[in-house]
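One letter stands for each residue in the lines below.
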There are 2 protein chains.
Amino acid sequence: MSRIVALETSDIRFPTSLSLDGSDAMNPDPDYSAAYVIVRTDAEDGIAGHAFVFTIGRGNDVQVAGIDALAGHLVGRELEPLLDDMGGTFREIIGDSQLRWLGPEKGVMHMAIGAVINALWDIKAKRAGLPLWQLLARMTPEEIVDLVDFRYLTNALTREDAREILQAGVAGRSEREAELLATGYPGYTTSPGWLGYSDEKLERLAREAMANGFTQIKLKVGADLDDDIRRFRKAREVCGPDFPIAIDANQRWEVSEAIAWVNALAEFSPAWIEEPTSPDDVLGHAEIARGVAPIRVATGEHAQNRVIFKQLLQAEAIQVMQIDAVRVAGVNENIANLLLAAKFGVPVCPHAGGVGLCEAVQHLSMFDFVAVSGSREGRMIEYVDHLHEHFVVPTEIRGGSYLAPTAPGNGMEMKAASRDDYAWSAERKGADAHV
Amino acid sequence: MSRIVALETSDIRFPTSLSLDGSDAMNPDPDYSAAYVIVRTDAEDGIAGHAFVFTIGRGNDVQVAGIDALAGHLVGRELEPLLDDMGGTFREIIGDSQLRWLGPEKGVMHMAIGAVINALWDIKAKRAGLPLWQLLARMTPEEIVDLVDFRYLTNALTREDAREILQAGVAGRSEREAELLATGYPGYTTSPGWLGYSDEKLERLAREAMANGFTQIKLKVGADLDDDIRRFRKAREVCGPDFPIAIDANQRWEVSEAIAWVNALAEFSPAWIEEPTSPDDVLGHAEIARGVAPIRVATGEHAQNRVIFKQLLQAEAIQVMQIDAVRVAGVNENIANLLLAAKFGVPVCPHAGGVGLCEAVQHLSMFDFVAVSGSREGRMIEYVDHLHEHFVVPTEIRGGSYLAPTAPGNGMEMKAASRDDYAWSAERKGADAHV
């Protein structure tokens, strides 16, 4: 038996705003950051659990404080009972009635819970000697269902529904696992499309994306319609009429504006319109989906929890669901999200990029393929080519596909040197302010 | 010209869990707390702006960290330009693209923004020598409309709609102001209904509530149906068949469970069912509203922002709207909420209680009566009789009505002695843990 002895947190920020990587209509100058946590134990195996919440700079310290507030739930506890019943562990922490008031189940406290849950999964996977996706994909349907909190879901997805979905996927698991290990999981790239890039850079990167085998590119839109038309036209010229090009407005529009703007770009056949308006506006997304059909609506990177995803699906507001590894309360809640998508027959194409999001979320898509939806059809994981060098097990892309990771763990462990080099401090704050 | 010189924060916690005041089906042992902020200036008038976010204990430190993160927006700034354009000030802070990632517009960071906005309104009202409700109610329709961020609202409420609503209320403002000062604003009380109370205490407090002139009482429900039936029956025996008795499930139920449970209590004619399920579940509330009609559905104390309120109204999911003074981004966002309610013709009956919530939210209802809805019909403010003694201008209740406060400010200033006595500290944390 071993114990959790510490929850170590750190505030890590990369000065990405200096290069305008990641610039879009809502986020002109992000500094990709991680509110990072390490769960330390006294076990002889020396294994620690790593995870983080991704933020874009200011406020990363608030997110760290949110994680620190969870120490009381974990430090001093015996580890094995927590790991053996990850569903119960999840429900205990999510159910803290006092902390719940700060959400409930949304924002800083919810993402903080996600970080510690993901860190526990990292320990569990490392102990099992398996990458997270494989650990999950080898659990029985009953074990997986036990991980999910069905509260507030049962008018759309019951425990029995979930069991049936998972049971149906048991046949063929090992074939799909082998296929995944052989061929990977399709990726698409947003690298050409940042708003801050010149047309020349967009064209060059779009050409490279196709040459590298990506199945789709994505352009940021929403700041200026004439610019969007020009940039989309250029992208189409480079990519040809049939290559999928998605667009992403990063919540920039009103409902009516979204419908008009997207229809003005319809001649370029967008593969989807992503985040057209407030991520909280389920009914607004439904109105937009009706107004731009057959162009599909996608959202999810800011969908705060499973209750929002449930409604987006119930209202037929999205045709593509974009989970994020660190926006919700970790692996457990994302399993609920994958099951909801499977129930409604909507493909999941995760949000990634940022720092470490590709490393983390690939495990969920791969688990989905092997054990939940059983399909890669119409599914792909976002890919942005930066900051991977900071991770112990960096994402590997070949021919535009994510190679299935084989190293044990959840993929979120950042190199110690990177954590040190980019640690935020009062001195750095002063220095960066004068750049 | 004066400057903001400091944002002083403090973590204040009252050990209310010891008496089970405030116990309900979701929150068995709250410690009513305030993440408190004082905006200090170098002005010769010595006026400081006070405000807080209400929490129920653990995590109050995270909420304080959220407020601290806003110092960069205010400290060192000239005060008058901020106060003269409170709409612009609001939009600047809410629009911080990096902090926005932590919500967006929900949870810890959103409530933190509410606290600093409310503190600025406190300074503005104190400088004007007016209680907040009167300051707001004497602004022109155009000035009020300028306070609102219409982003994400325009498919339900446009700037022009808001202006028309306010313009229609200009006639009769001074009569309503006089009426309010003479007769106050109706209150209802939740004091009899906490789950942790004995039947005898419930009956005694219900009798007292009627004797004191309150227009409604409220019972907490949702833990055990047999208990709820017994308690509701006793309350009806005390109050008679016609006295309004609302019920509140504090998010305890699934959608189908809510419909069945409320219908099982229908014989006692609940005035409304409050928070039947997740506050994020707009479609779920709409389903419940259809399933329990003509019993009305109420929610809002956990409605994270104006986008959720917009949808609750669009979907006819609520027939009573319950704003909270500190859940959203302060006075400005609550003006948007009041305008939405007026547009949809739904009465606003604010959530209060906690610590300082009565003191704060009464200003919004009184402003609503004088300048927005123009009516007190079917409207009342929740009242819970505790912790008022800690405020510089405590709520005054007479004959079950809130007397209109006349002291300048927003009502949120806590006495210095109370702030000192209940300051949270590492030592107190250790001591309370051993209670």
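Residues numbered from 1 in each chain as written. Chains lettered and ligands numbered in written order. Predicted model: local features only at pLDDT ≥ 70, side-chain atom pairs only at ≥ 80, totals over all residues. Heavy atoms only, no water.

- The name recorded for chain A in an unreviewed UniProt entry is L-fuconate dehydratase, from Microbacterium panaciterrae.
- Quoted straight from UniProt, the Catalytic activity (unreviewed entry) entry for chain A says "L-fuconate = 2-dehydro-3-deoxy-L-fuconate + H2O".
- UniProt, in its Cofactor (unreviewed entry) section for chain A, records the words "Mg(2+)". (UniProt positions renumbered as here; feature names shortened; annotations may be inferred.)

## A few points about the pattern of salt bridges
Opposite charge on two side chains lets them pair, provided their charged atoms get close.
Residue and element names in this part refer to chain A.
Line of reasoning, step 1. With the rule as written, the count across this model stands at 64 salt bridges over all chains.
Line of reasoning, step 2. In this structure, the salt-bridge partner of Lys126 is Glu413, at a minimum N-O distance of 2.8 Å. With a gap of 287 residues between them, Lys126 in helix H6 (residues 107-128) and Glu413 in the loop between strand S12 (401-402) and helix H18 (416-421) connect regions that are remote in the sequence.
Line of reasoning, step 3. Relative accessible area serves as the criterion here: at 18%, Lys126 is assigned to the buried category.
Line of reasoning, step 4. With a closest N to O distance of 2.9 Å, Asp227 and Arg230 form a salt bridge. Here Arg230 and Asp227 lie together in helix H12 (residues 225-239), a separation of 3 residues that amounts to about one turn.
Line of reasoning, step 5. Counted as one network, the salt bridges with shared partners bring together Arg100, Glu105, Asp149, Arg306 and Glu333. (Salt bridge = Lys/Arg side-chain N within 4 Å of Asp/Glu carboxyl O. Helix = DSSP H or I, 4+ residues; strand = E, 2+ residues; numbered from the N terminus. Buried < 20%, exposed > 50% of the residue type's maximum accessible area, 1.4 Å probe, protein only.)

## Regarding the environment of A:Gln304
Line of reasoning, step 1. Turning to its location among the elements, A:Gln304 is positioned in the loop between strand S8 (297-299) and helix H15 (306-314).
Line of reasoning, step 2. With 194 residues separating them along the chain, A:Gln304 and A:His110 place their C-alpha atoms 8.3 Å apart.
Line of reasoning, step 3. When near neighbours in sequence (up to four residues on either side) are disregarded, A:Gln304 contacts A:Glu105, A:Lys106, A:His110, A:Asp280, A:Arg327, A:Val328, B:Lys106, B:Asp280 and B:Gln304. (Contact = heavy atoms within 4.5 Å.)

## Considering the sheet that holds strand S2 (residues 33-41) of chain A
Residue and element names in this part refer to chain A.
Line of reasoning, step 1. Ordered by their spatial adjacency, 3 strands build an open sheet running S1-S2-S3, and the pairing between neighbours is antiparallel. The sheet is open, and its two edges are formed by strand S1 (4-13) and strand S3 (49-55), each paired on a single side. The average undirected angle you get between the axes of adjacent strands in this sheet is 15 degrees.
Line of reasoning, step 2. Bridge analysis of S1 against S2 gives 9 bridges, and the strand direction is antiparallel. Pairing of Ser10 across the sheet is with Tyr36, part of S2.
Line of reasoning, step 3. Contacting S1, S2 and S3, helix H1 (residues 60-68) runs over the sheet at an angle of about 175 degrees to S1. (Pairing = 2+ DSSP bridges. Axes fitted to C-alpha atoms, helices over the stretch in contact; angles between N-to-C directions.)

## Observations regarding the UniProt feature "domain: Mandelate racemase/muconate lactonizing enzyme C-terminal" (unreviewed entry) in chain A
Line of reasoning, step 1. Summarizing the sequence annotation, UniProt attributes the feature "domain: Mandelate racemase/muconate lactonizing enzyme C-terminal" (unreviewed entry) to residues 199-295 of chain A in the numbering used throughout.
Line of reasoning, step 2. Helix and strand shares over residues 199-295 of chain A are 51% and 13% respectively, and the end C-alpha atoms of the span are 25 Å apart.

## Re the nonpolar core
What tends to happen in soluble globular proteins is that the nonpolar side chains get buried as a cluster.
Line of reasoning, step 1. Counting 289 residues, the largest nonpolar core has A:Trp121 and B:Trp121 as the members making the most contacts within it.
Line of reasoning, step 2. Contact partners of B:Trp121, with chain neighbours within four places excluded, come to B:Met86, B:Leu132, B:Leu135, B:Leu136, B:Met139, B:Leu147, B:Val331 and B:Asn332. (Core = buried A, V, L, I, M, F, W, Y, C linked by side-chain atoms within 4.5 Å.)

## A look at the sheet that holds strand S3 (residues 49-55) of chain B
Through backbone hydrogen bonds, the strands of a sheet pair up, either in parallel or in antiparallel fashion.
Residues and elements named next belong to chain B.
Line of reasoning, step 1. Taken together, the 3 strands give an open sheet; going across it, the order is S1-S2-S3, and neighbouring strands pair in antiparallel fashion. At either margin of the open sheet sits one strand with a lone partner, and together these are strand S1 (4-13) and S3. Neighbour-to-neighbour, the strand axes of the sheet open up by a mean angle of 15 degrees, direction not taken into account.
Line of reasoning, step 2. By the bridge criterion, 7 bridges tie strand S2 (residues 33-41) to S3 in an arrangement that is antiparallel. Note on S3: the bridge partner recorded for Val37 is Ala51.

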